[in-house]
Amino acid sequence: MIERLNQSVKQRTKVAKIFANEDSCLRLVSAVVMEISDEWQSSKAYLSLSDDEFLD
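Read on for an overview of the structure. It should be emphasised that the depicted structure is a prediction, and the values quoted were computed from it without experimental measurement.

Conventions adopted
Residues numbered from 1 in each chain as written. Predicted model: local features only at pLDDT ≥ 70, side-chain atom pairs only at ≥ 80, totals over all residues. Heavy atoms only, no water. Helix = DSSP H or I, 4+ residues; strand = E, 2+ residues; numbered from the N terminus. Buried < 20%, exposed > 50% of the residue type's maximum accessible area, 1.4 Å probe, protein only. Polar contact = N/O pair within 3.5 Å; in protein donor to acceptor, adjacent residues only side chain to side chain. Axes fitted to C-alpha atoms, helices over the stretch in contact; angles between N-to-C directions. Parallel < 35°, antiparallel > 145°, perpendicular 65-115°, else oblique. Left-handed = near helix turned anticlockwise from the far one by under 90°. Contact = heavy atoms within 4.5 Å. Nonpolar A, V, L, I, M, F, W, Y, C, P; charged D, E, K, R; others polar.

1. Overview of the side chain of S24
Take S24: it is sitting in helix α2 (residues 22-42). On the basis of relative accessible area, S24 is assigned to the buried category, the value being 16%. Among the polar contacts made by the side chain of S24, one reaches the main-chain carbonyl oxygen of N21 at a distance of 2.7 Å.

Right under this line is the structure:
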């Protein structure tokens, strides 16, 4: 999941190419991270492990 997040940030920053300053880059990265966080919270769980699976 972290690798997908890094990939999304890298892709978005490549599209923008040039940033006016460090703050503008930080705003873009923050927006991407918040967007992905919302997707993760609203979607089904990526990993569903029950206690029984640990006993095997």
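2. As for the packing of helix α1 (residues 2-16) against α2
Where α1 contacts α2, the axes come no closer than 10 Å and their chain directions differ by 140 degrees. The angle between α1 and α2 places the two elements in the oblique class. In this structure, the crossing between α1 and α2 has a hand that is right-handed. Note on element contacts: α2 touches α1 through L28, V29, V32, V33, E35, I36, E39 and W40, opposite R4, L5, S8, V9, R12, T13 and A16. Grouping the constituent residues of the contact of α1 with α2 by class yields nine nonpolar, two polar and four charged.

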